[in-house]
Amino acid sequence: GDREMKKVFLLLIFFCTLSFSDMGGFGDLKWGASREEVTQYMMKTYNLKNYEIYQLKNSIMVSLSNVELFNIDLYNIDFYFNDNGRLSNWWAESYTIKEDKKSLIEKFKKEYNLKEEKEKDGLVILYGYSGTELISISFYPNKITFNIRYMGDRK
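Residues numbered from 1 in each chain as written. Predicted model: local features only at pLDDT ≥ 70, side-chain atom pairs only at ≥ 80, totals over all residues. Heavy atoms only, no water.

Draft legend 1. Here's a closer look at the pairing of strand β6 (residues 124-130). Burial analysis of β6 places 5 of its 7 residues in the buried class, which makes it a mostly covered element. Relative to β6, strand β5 (residues 115-118) runs antiparallel, the two sharing 4 bridges. By the bridge assignment for β6, Glu116 is matched with Leu126. Two successive antiparallel strands, β5 and β6, enclose a turn made up of 5 residues, where Asp121 displays a positive phi of approximately 65°. Sheet analysis places β6 next to strand β7 (residues 133-139), joined by 7 bridges and oriented antiparallel. Bridging from a neighbouring strand, Tyr129 pairs with Leu134 of β7. Hairpin connection between β6 and β7: a loop of 2 residues separates the two successive antiparallel strands, and Gly131 in this loop has a positive phi of roughly 65°. (Buried < 20%, exposed > 50% of the residue type's maximum accessible area, 1.4 Å probe, protein only. Helix = DSSP H or I, 4+ residues; strand = E, 2+ residues; numbered from the N terminus. Pairing = 2+ DSSP bridges.)

Draft legend 2. Main features of the pattern of salt bridges. Tallying each qualifying case throughout the model produces 4 salt bridges. Between Glu116 and Lys109 there is a salt bridge whose closest N-O contact spans 2.6 Å. Overall, the relative accessible area of 22% leaves Lys109 in the partly exposed class. With a closest N to O distance of 2.6 Å, Glu116 and Lys118 form a salt bridge. When salt bridges that share partners are traced, they join Glu106, Lys109, Glu116 and Lys118 into one network. (Salt bridge = Lys/Arg side-chain N within 4 Å of Asp/Glu carboxyl O.)

Draft legend 3. Focus on the confidence of the model for the protein. For the protein, mean pLDDT is 81; residues scoring 70 or higher make up 79% of the total. When pLDDT is averaged over each helix and strand of the protein, the minimum, 50, is found for helix α1 (residues 2-16) and the maximum, 95, for strand β1 (residues 52-55). This stretch, residues 9-25, has a pLDDT under 50; its non-local contacts, to residues over four places away or in other chains, come to 66 contacts. (pLDDT = per-residue confidence, 0-100. Contact = heavy atoms within 4.5 Å.)

Draft legend 4. Geometry of unusual backbone geometry. In this model, Asn47 sits at a positive phi of 50°, which is unusual for a non-glycine residue. Checked against the element boundaries, Asn47 lands in the loop between α2 (35-45) and β1. Asn47 sits in the exposed class, given a relative accessible area of 58%. Although it is not a glycine, Asn66 sits at a positive phi angle of roughly 55°.

Draft legend 5. Local environment of the nonpolar core. Among the nonpolar cores identified, the biggest contains 35 residues, and Met42, Phe79, Trp90, Phe108, Ile137, Phe139 and Phe146 are the most heavily contacted of them. Within the residue set of this core, elements represented by two or more residues are α2, β2 (60-69), β3 (72-81), β4 (87-94), α3 (101-112), β6, β7 and β8 (144-150). It is β3 that contributes the most residues to this core, 5 residues altogether. Phe139 has contacts with Lys101, Leu104, Ile105, Phe108, Gly122, Leu123, Val124, Leu126 and Ile144, leaving out every residue within four places of it along the chain. (Core = buried A, V, L, I, M, F, W, Y, C linked by side-chain atoms within 4.5 Å.)

Draft legend 6. Up close: the environment of Val124. Structurally, Val124 can be placed in strand β6. Judged by relative accessible area, which is 10%, Val124 ranks as buried. Spatially, the C-alpha atom of Val124 lies 9.5 Å from that of Ile144, the residues being 20 residues apart in sequence. Those residues in contact with Val124 that lie beyond four places of it in its chain are Ile105, Glu116, Glu117, Lys118, Ile137, Ser138 and Phe139.

Draft legend 7. Layout of the packing of aromatic side chains. Tallying each qualifying case throughout the model produces 6 aromatic pairs. An angle of 80° between the planes, with centres 5.4 Å apart, marks the rings of Tyr75 and Tyr95 as edge-to-face. Placement of the pair is Tyr75 in strand β3 and Tyr95 in the loop between β4 and α3, with a sequence separation of 20 residues. Residue classification places Tyr75 among the partly exposed positions, given a relative accessible area of 48%. (Phe/Tyr/Trp six-rings, centres within 6.5 Å; stacked < 30°, edge-to-face > 60°.)

The following block contains the structure:
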């Protein structure tokens, strides 16, 4: 219903305020990297042909398509850069799931020490901190979304 959507949307906004330093997969990318660094790294590493840049209200977003990460084909992945032009979070979604969903959920929970929340309509949300990142991975019946935000060094 409408309230559920609002709740999910608020969660998304909350998690969009979130990010990862070396969230598996992007071995050489670090939080705080510049747009040029991220773009060059992604184009070279994943042999991509093009990308799109969007100017948002208080950030810049670089959007790429068809990247494989964690053995999952990401339909698209968006990197967000803060007012200083530094990588602060990324968001991605996938519609093709090669592995069994249950084993994927267990794998991510273990690897990043995440909590699990089951919603109605078969939605499973994994969330929590892993080092300096706030992580949210949502398993919908037909797709998975990843949201990783850098929270800085939490000493």
